[in-house]
Each structure stands twice: as C-alpha cells, then as structure tokens.
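The chain contents come next:
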Amino acid sequence: MRSLARVWDALTSLKLTLVCLALLMVLVVACTLAQVEMGTFAAVHAYIRGLLVWRQVPGTALRIPIFPGGGLVGLLLLLNLVAAQAKRLELSWRKSGLWVVHAGLILLFVGEFVTSGFQVETQLSIEEGQTVDFVESPRQMELALTEVTDPVYDDEYGIPDSLLASSTRIDVKGTPVSLRVTKVSGDKETNVRSVYVEPIVNGRSYGTRLVSNALGAPQSFAHEGRTWTLSMRPRREYLPYSLTLKKFQHDRYSGTDIPKNFSSLVQLKNPARGEERDALIYMNQPLRYEGKAFYQASFGKNDTMSVLQVVENPGWLLPYISCVLVGAGLLVHFMFALFRSLKRAVAVRAGALVTP
Amino acid sequence: MRPSTVRAVTVQFLVFALASVLLLASGCRREEITHFRVRKASGAMDNSRCPVRPAPREYSPTGVVIWRERAEADAAQGLDRCGR
C-alpha cells in the first residue's frame, strides 16, 4: 500500500512534468537535426513516434536503446497530467478554468496518439489533363491480383506486403485463386520489391511466377475463360471521386529561380453526389474532402506534373479543439481571479471608508 | 455525493477513457486484402504501367521467360515494351 502511494506521489509530482518537458525539448532538437540525414518520416518515426530511441552498436547488428522516445515521454506526461488533475484540483466553480485547461492539454496528447496510430499518408501524382481516382502509398507495396475478364471493369485485389512476408499460402476471398508464396525479397534503396508466387486455381497450379515492380509489366494466367494478372505496385486505394489536373503553376520571384508558390488547379468530380467543382490547392491550403486532405507536396516533368500528399487523419480536429479548450480555460480562470481581486479591492475600499 | 466519491469516479473515468484511446490507437490498424471493382484504364497515375495483354497460353512455367520472349519479339517488330 505504501509503495502504491509512492508511485502515485511520483506520478503526480511537478518534477516529473518538468523532466518530461525537458526530455521532449531534447527529442525535438535531436529529431530536427536527424532529419538532415534520415529524412522527415524516418526521423519522426525514430525519435517521436517510438517508445525508445535505438542505436546500432558500430560493427555489430546489435541495437540498444539510448534515450526514451517521444511515445514514452508523451505517455508519462499524459499520465502525469491526468493524475495531477485528479489529485490536486478540487471540483469547484473556482477551479473550473484549470479543469478545462487540463482537459485541453490531455486532449492534445490524446490527439497525438490518435494521429500516430491512425493517420494514413498516401500520394496522388497527376499530370495536366489527366484524371486520377486513386491514391498510392509511397512506403508500402502490394501484390495486385486483377481479374481482367470483364470488358468494362477490372476486379483488383490488393494483397499487402506484410501479408506476403508472413504467409506461405494466401486464399484470395471472392476468387477461386490461392497464391503460394515461395520467396519475398526487397531492396529499400532502389525500392524494388519482388515475390515468387504460384497461382493455384481449384487445385491446378499455374507455375511459379516472379512478380516485381522492376519488371514493368504484369504476369498473367488464364483458367476456364477467366484471365488474371499479377503485378507488384505501391499500395493503392481507389476513391469514389476523381481529380483532374487542369493547371499546375510554379511561380518564381521575378528575375530569380527561387520558388514563390506552387499550386494545382484541380477539378473534383463525385458522380455519387452529382458534384463537379474546381479547387485550387497551394502551399498550406489543402483541399479537404471526405476525410482526406490533399496537400501540394511536389512536382515534376517540367512543371506539368503535380504530386499531392494525401493525409487521412481521424484526429485532425483534436489539436484545434484542445487549443480552444486551453484558451477558454485560461480565460475563465483569469476572469475568476479578476473578479476575486476586484471584490477584494472593493472590500478594502469600503473598509477604508468605514474606518474613522 | 461526498467529494471523495466524486474524485474516485472522476479518476476512474479519466483512466478508463485514456486506456481505451491508447488501446484503440495501438491495436486497430490491420492490413487486409482489399478489393476494388474499377473501370478499365482508370489508372492514369503510373505512366510506366502498360495495358494488360491477354495471357499467351493457359499454362506458363515462368513468367520472366515469357516477358523476355515478348520483349524480344516486340523489339524485332520495332515496338516498345508495352507492345505499342
């Protein structure tokens, strides 16, 4: 019981808050510096998202933890906030502002955990005049099994990379096709992913195939009048709407090559809603549509191709709500303090007038 | 209601809410086989992608050989790797 009380005291202490805040500052600086070599995604993953920061011992394959990661520090800080709020703050109108401030801070941390757990980042590359109705993951691959028998529609089944690596036989639901995975290999530097698979339809084998994004063409096989293809590609998600790039603009400061602005004028078409409208996407002004935010990310092909970063984050609103809560909480708290102070001042003045 | 009861209920509620969010965040992302029925040639994003060709025969032992054979045949006819 005494040890539990100690843990509770430690968890609610202000020292823990300060230590966690200091650790977070160190992590932010280290992560910012690491982005030069590792890139933004890898650095954030290594320093901020993880529970521990790992380093490889030179000359060995051994990895050891060298620092608490942002996930662990954030979790401790979150527990500290919740525990301190429960222990110290009395439930009264006088302290209601501080309750709201704490709730806002807790929501801010919860929002970060929701983001790290649920945010999905994909890309949409589109050339001027093209219409695209899907997004692709720049970091995940999939084996696409496509039935191309129908003259109008294709049935595409995407088997994630992680499933290929962990399974030896995959039954593709909705098709009579099973895939026996013999070997999976990949090269992160060249982003080449290859897999040896043996398609089996109703017990009949169609031989072992090498499927790779380096081949540049799909494999195909036919069974009783039905034709399937196999290809390796970035993980794809089709959208119920499409975007057409009408114009990509790359503005420069006059007389220089220094970029001033990038923008994509797209036409959004959603047949299900009968919607057809133009939207201008430019730096920090994304197109938000059906839970996805399309940001201007990159460009290519002599300024005729635009690359949009597509972010789907169910917790995107939480930081905004938490900021409003913290602001409102501080306002309420200081209003109470102001009223108390004014009341005291009035009482003192009244006392001074009464005293002879 | 006594203040201690209110506090106990508050703590339990906060801890429960926190644990639920963290468990959801860590355990709910699953990688599954996806299925999309799409109109043909809707893929305009990957410019290296070739149109699908019909299968040459019902059974082929190694796809690589087939594609090399096709590429050589296409090159002989002056066609690109997509057979255009």
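Residues numbered from 1 in each chain as written. Chains lettered and ligands numbered in written order. Predicted model: local features only at pLDDT ≥ 70, side-chain atom pairs only at ≥ 80, totals over all residues.

**Student:** Just checking my understanding: could you explain the overall build of chain B for this structure?
**Tutor:** Of the regular secondary structure elements, chain B holds two helices and one strand. Ordered by position from N to C terminus, the α and β elements of chain B give α-β-α. Out of the 84 residues belonging to chain B, those deemed buried represent 6%. (Helix = DSSP H or I, 4+ residues; strand = E, 2+ residues; numbered from the N terminus. Buried ≥ 20, exposed ≤ 12 C-beta atoms within 10 Å, placed from the backbone.)

**Student:** Would you mind showing me how to read the overall build of chain A here?
**Tutor:** Scanning chain A from N- to C-terminus turns up seven helices and 17 strands. Here the C-alpha radius of gyration of chain A, 28 Å, is well above what a compact globule of 356 residues would show, namely 21 Å. Viewed in the frame of its principal axes, chain A has a C-alpha envelope of about 110 × 60 × 45 Å. Contacts in chain A between residues far apart in sequence, at least 24 positions, make up 47% of those at least 6 positions apart. (Rg over C-alpha atoms; globule rule 2.2 N^0.38 Å. Contact = placed C-beta atoms within 7 Å.)

**Student:** I would appreciate a short explanation of helix α2 (residues 14-38) of chain A in the present structure.
**Tutor:** Within an α-helix, residues lying three or four positions from one another point in the same direction, as the helix has 3.6 residues per turn. Between the first and last C-alpha of α2(A) there are 35 Å, a value that for 25 residues agrees with the 36 Å anticipated at 1.5 Å per step. Gly39(A) sits one or two residues past α2(A) and shows a positive phi near 90°. (Expected span 1.5 Å × (residues − 1).)

**Student:** What should I look at first to understand unusual backbone geometry in this one?
**Tutor:** What is expected of a backbone is that most residues other than glycine have negative phi and most peptide bonds are trans. Residue and element names in this part refer to chain A. Backbone geometry places Asn-202, a non-glycine residue, at a positive phi of 50°. Within the secondary structure, Asn-202 sits in the loop between β8 (192-201) and β9 (204-205). Of the residues examined, Asn-202 has 9 C-beta atoms within 10 Å and is grouped as exposed.

**Student:** Can you help me understand the nonpolar core in this one?
**Tutor:** The nonpolar side chains of a soluble globular protein tend to be buried, and buried together. All names here are of chain A. Among the nonpolar cores identified, the biggest contains 19 residues, and Leu-143, Leu-145, Ile-159, Val-195, Val-211 and Leu-230 are the most heavily contacted of them. When contributions to this core are tallied by element, the ones reaching two or more residues are β4 (131-147), β5 (153-160), β7 (177-187), β8, β10 (209-212) and β12 (226-252). Setting aside residues up to four positions removed in sequence, Leu-230 forms contacts with Leu-143, Leu-145, Val-197, Pro-199, Arg-209, Val-211, Pro-218 and Gln-219. (Core = buried A, V, L, I, M, F, W, Y, C linked by C-beta atoms within 7 Å.)

**Student:** Please explain the pairing of β8(A) as it appears in this structure.
**Tutor:** Regular strands place side chains that alternate from one sheet face to the opposite one. All names here are of chain A. Of the strand pairs in this sheet, β7 and β8 are connected by 10 bridges, and their pairing is antiparallel. Within β8, the residue paired with Ser-185 across the bridge is Ser-194. Count of turn residues in the β7/β8 antiparallel hairpin: four residues, of which Asn-191 carries a positive phi of about 60°. Two elements, β8 and β10, share four bridges in a ladder whose sense is antiparallel. Within β10, the position partnered with Val-197 by the bridge is Arg-209. As defined by bridge partners, β8 adjoins β9 across two bridges and the pair is classed as antiparallel. Counterpart to Val-201 in the pairing with β9 is Arg-204. Adjacent in sequence and paired antiparallel, β8 and β9 are bridged by two residues, among which Asn-202 carries a positive phi angle near 50°. (Pairing = 2+ DSSP bridges.)

**Student:** Help me understand the environment of Ser298(A) in this model?
**Tutor:** With respect to the helices and strands, Ser298(A) occurs in strand β16 (residues 292-300). Once the C-alpha coordinates of Ser298(A) and Val44(A) are considered, the two residues, 254 residues apart in sequence, prove to be 20 Å apart.

**Student:** Looking at this structure, I do not really get the environment of Trp316(A). What am I missing?
**Tutor:** For Trp316(A), the position within the fold is in the loop between β17 (305-312) and α7 (318-354). For the pair Trp316(A) and Gly104(A), spaced 212 residues apart in sequence, the C-alpha separation works out to 15 Å.

**Student:** For this particular structure, what's the right way to read the confidence of the model for chain B?
**Tutor:** Predicted coordinates in areas of low pLDDT are best not read in detail. All names here are of chain B. In the predicted model, chain B carries a mean pLDDT of 58, and the fraction of residues at 70 or more is 13%. Every residue in residues 43-68 scores below 50 in pLDDT, and together they form 39 contacts with partners more than four places removed in sequence or on other chains. Predicted complex, confidence summary: ipTM 0.73, pTM 0.71. (pLDDT = per-residue confidence, 0-100.)

**Student:** Even after reading the chapter, I still don't get the packing of α2(A) against helix α4 (residues 70-88) of chain A, so can you show me in this structure?
**Tutor:** How two helices pack is summed up by the angle between their axes together with the distance between the axes. Residues and elements named next belong to chain A. Where α2 contacts α4, the two axes come as close as 10 Å, and the packing angle between them is 155°. By the angle between their directions, the pair α2 and α4 is classed as roughly antiparallel. The handedness of the crossing between α2 and α4 is left-handed. For the pair α2 and α4, contact is made by Leu-16, Thr-17, Cys-20, Leu-23, Leu-24 and Leu-27 and by Gly-70, Val-73, Leu-76, Leu-77 and Asn-80, respectively. Tallied by class, the residues present in the contact of α2 with α4 amount to eight nonpolar, three polar and no charged. (Axes fitted to C-alpha atoms, helices over the stretch in contact; angles between N-to-C directions. Parallel < 35°, antiparallel > 145°, perpendicular 65-115°, else oblique. Left-handed = near helix turned anticlockwise from the far one by under 90°. Nonpolar A, V, L, I, M, F, W, Y, C, P; charged D, E, K, R; others polar.)

**Student:** I tried to follow the environment of Val310(A) on my own but got confused; where do I start?
**Tutor:** All names here are of chain A. Among the structural elements, Val-310 can be located in strand β17. The class for Val-310 is buried, based on 22 C-beta atoms found within 10 Å. Taking the C-alpha atoms as reference points, Val-310 and Thr-122, 188 residues apart in sequence, are found 5.0 Å from one another. Sequence-distant contacts of Val-310, defined by excluding residues within four places in its chain, comprise Thr-122, Gln-123, Leu-124, Val-135, Lys-292 and Phe-294.

**Student:** What should I look at first to understand the confidence of the model for chain A in this one?
**Tutor:** Looking at chain A, the pLDDT average stands at 91 and 99% of residues meet or exceed 70. Taken element by element, the predicted model of chain A shows its lowest mean pLDDT in helix α1 (residues 2-11) of chain A (84) and its highest in strand β14 (residues 275-282) of chain A (96).

**Student:** Help me out: how do you make sense of the packing of α4(A) against helix α5 (residues 96-118) of chain A in this one?
**Tutor:** Residue and element names in this part refer to chain A. Taken N-terminus to C-terminus, the directions of α4 and α5 make an angle of 155°; their axes are 10 Å apart at the nearest point. When the axis of α4 is compared with that of α5, the two are roughly antiparallel. For the pair α4 and α5, the crossing hand works out as left-handed. Residues Gly-74, Leu-77, Leu-78, Leu-81, Val-82 and Gln-85 of α4 pack against His-102, Leu-105, Ile-106, Phe-109 and Glu-112 of α5.

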